[in-house]
Amino acid sequence: MSDRVATREEPVRPTLLPISLIDGAGVAVNGKRTAGFARPDDQLLLGLYRKMVVARRFDIQVSALTRQGRLATYPSALGQEACEISAVAALAEGDWLFPTYRDTVALVSRGVTPAEALTLFRGDWHLGFDPGHYRIAPQSTPLATQALHAVGLATAAKLKGDDTVALTFLGDGSTSEGDAHEAFNFAAVWQAPVVFLVQNNQYAISVPVAKQTHARTFADKAIGYGMPGYFVDGNDAAAMFAVISASVERARAGGGPTLIEGLTYRVEAHTNSDDPTRYRGKAEETTWRGLDPIARLETYLTKAGILTAGVAADITAEAEALASATRDSMSESPVLDPLELFDHVYVNDRPALLEQRAFLERELAATEAGGHR
Amino acid sequence: MTILENRRSAMPAAQEAAQTATQVSLAGALTAALRDSMAEDSRVVVFGEDVGPLGGVFRVTDGLAKEFGDTRIWDSPLAEAGIVGTAIGMAMYGMRPVVEMQFDAFSYPAFEQITSHLAKMHNRSKGAVTLPIVIRIPYAGGIGGVEHHSDSSEAYWTHTPGLTVVTPSNPADAYSMLREAIASDDPVIFLEPKSRYWSKDAVELPVVTPPMTRALVLREGTDVTLVAYGPTVKTALQAADLGAAEGLSIEVIDLRSLSPFDDETVGASVRKTSRAAIIHEASQFGGYGAEVAARVTERQFFHLAAPILRITGFDIPFPSPKLEEYHLPTAERVLAALDTWEW
Ligand SMILES: Cc1ncc(C[n+]2csc(CCOP(=O)(O)OP(=O)(O)O)c2C)c(N)n1
Ligand SMILES: [Mg+2]
């Protein structure tokens, strides 16, 4: 037996049924399906519920603004709030989040303002916030590439002796990319304090999961890399939070990376320009709407007696306030300075680029409108 | 700076070196540069394939693992996108990674990380994120490498805004330019001409040569400006010798930096000689020489007495070891090309 085989712990075997703490009907789950994870206390769940309701309201608002032509495109995360919000809630202040285009609600939940978060999709610039300030990397469009950045950042933190953890979102489709494999492997070999959260929303644009992998679950893949994998009901915020925070704290304590699969569903189209009727049936959509992450938590918390009418009204008010702030911030386009295109291409100035900048400056001056055209 | 000033600033180092110097190879100069940068700045980390105890397949990181330990230099898993992608994350956390691609053609798996992230991050974040990363790539032919070990990939990188692309041709520049690249806050593609790794010069280290973004006139001449870089600088100097024997005065420029391009130095030379040729190993179509010819023509057209020539590899995949000599440009080919001009 090689040293490697002798010294490795028996890996956590992902379950074949998703880990579940509160079921689709809003009833607390006990026994085997919890895989030993304890249900977070009701106050914590209420906090998650609040953030999920606010996130959904934001998501619906942005989709509406997109239909009105205020945004170039918007990939909605409607129905995936349990994954999005639990991930943000499980991170400490100094931890880093590596999101994709899908995860705008996570950004906003972490404090990025609507105007900053929507700069990308409004088409004003590729990024509207300072990553260092929020400890959120730019939303990544090239699939799975950001997972490697998360591993690198987490490794740098480990080398420096900091207790920073990085969490990266991934889509089911993006797990087929080579960068996902490389990120899983580098993280495991380097024992990087990183958490991979695969939001299995069952589609990569139009392509279903069965065409992406022959593995039983995405969580199963963890075994091959020598890291723990968890297959979780991605619409169950209690389970998602429990598993993510345990993985984050394990990473923080030096226990290395974890691969988590949250089984969820992309309720909306891929983006506003997609047409899901071409590749999936209404029946399926109806089934999944019945497993909604917010509705079940609402049932559970109402029965527990802590989601009172007063609290509900307060949450609605917070959600409406964010929706209104989002509408306001999108009602006027900021004046863009085309000359800014030449800024920050390099730290060190280049004469030839300054020549091109001067060219555009002259052209703008010659245009009657000048400035914003 | 004028050409002459450029030359002057280069000269003291070279002259001093001649007095106290030891023989240093280009590879050895790179090792010294890595060592000195790592000693000076604890944020500098080195990783890649076989760069640890082995010292890299070309031994450029020789001895560094022993000296600095495995928190400063280590063998990464074997995956180029992984190497560059994790370097980006490390730089976002304040480190200054220097990573090695084992051979030119094996940098291609990292193409997406380099072009989509490394090159763009500073601009897309409006300057909030800087990625001071150096990617060292041994490149070009002339060492009898089998398939995939001899590519000249410079045009892929120079075509990508956001990248700085430099290539030293001699040990003194190898040392000084690598030090400068590591100290730069811009990401740098550092192309190492592998056929020149073992060529030695008398150099006293540490040495500071002119800024890496400046081209240098290595040989003054009056009839034609011959622009070269990396592995073809030696070929260009040989051509200048051959030309001199035939009464042709060839001015040789070592570009050193491919992006940015030193329009000033090349322009001044072309205005003096009225003729220009560019030599590189990479194939011709859409190659780096096309850019040089275009921009020199745009800027110096009325000083030019003849069309600009390109002496390059053919538009074929890089040949097998026994055939590469037919592909690589030679001093004779340079002279034959210059002969096609009406003088
Ligand atoms: C490298 C790369 N290839 C293709 C695309 C185009 N693309 C954008 S989203 C997408 C589907 C991704 O699906 P998944 O990873 O499941 O994430 P989801 O959109 O469902 O959140 C594709 C193919 C891309 N962005 N990047
Ligand atoms: Mg998907």
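Preceding this section is the structure that the text describes.
Cut-offs applied
Residues numbered from 1 in each chain as written. Chains lettered and ligands numbered in written order. Predicted model: local features only at pLDDT ≥ 70, side-chain atom pairs only at ≥ 80, totals over all residues. Heavy atoms only, no water. Contact = heavy atoms within 4.5 Å. Buried area = accessible area lost by both parts, 1.4 Å probe. Salt bridge = Lys/Arg side-chain N within 4 Å of Asp/Glu carboxyl O. Polar contact = N/O pair within 3.5 Å; in protein donor to acceptor, adjacent residues only side chain to side chain. Helix = DSSP H or I, 4+ residues; strand = E, 2+ residues; numbered from the N terminus. Nonpolar A, V, L, I, M, F, W, Y, C, P; charged D, E, K, R; others polar. 1 Å grid on protein atoms, 1.4 Å probe; cavity = no way out; pocket = protein on both sides within 12 Å on 5 of 7 lines; lining within 4 Å. Points joined across faces, edges and corners; volume = space filled by probe spheres on them. Near = heavy atom within 4 Å. Areas by Shrake-Rupley, 256 points an atom, 1.4 Å probe, with all protein chains shown as cover.

K.L.:
So, the interface of chain B and chain A: which residues are in play, and what are the values?
P.N.:
The interface of chain B with chain A comprises 46 residues on the first partner and 42 residues on the second. The junction of chain B with chain A conceals about 3500 Å² of combined surface from both sides, 62% of it contributed by carbon and sulfur atoms. Inspection of the region where chain B meets chain A yields two salt bridges. For Arg299(B), the salt bridge identified is with Glu355(A), shortest N-O distance 3.2 Å. Here chain B and chain A share 24 residue pairs in polar contact (both at pLDDT 80 or more) between them. Contributions of two or more residues to the side of chain B that touches chain A are made by α4 (80-92), α5 (111-118), α6 (121-124) and α11 (288-300) of chain B. Across the side of chain B that touches chain A, the residue classes break down as 17 nonpolar, 20 polar and nine charged.

K.L.:
Got a sec to walk through empty space enclosed by the protein? Specific residues and values, please.
P.N.:
Residue and element names in this part refer to chain A. Inspection of every chain in the model, using the stated rule, returns three cavities of 30 Å³ or more. In this structure, the largest cavity spans a volume of roughly 40 Å³. In this structure, the largest cavity is lined by Leu107, Glu116, Ala117, Leu120, His126, Leu127, Gly128, Phe129 and Gln139. When its residues are assigned to classes, the lining of the largest cavity shows five nonpolar, three polar and one charged.

K.L.:
I'd love a proper account of the site of ligand 1, names of residues and values included.
P.N.:
Lining the immediate environment of ligand 1, one finds 16 residues, of which Tyr101(A), Arg102(A), Gly173(A), Ser174(A) and Tyr203(A) sit closest. Around ligand 1 the close residues trace back to chains A and B. Here Tyr203(A) contributes a backbone N or O atom positioned 2.8 Å from an oxygen atom of ligand 1. Within the complex, the protein chains bury 74% of what would otherwise be the 580 Å² of accessible surface of ligand 1. Classifying every residue of the shell around ligand 1 gives six nonpolar, six polar and four charged.

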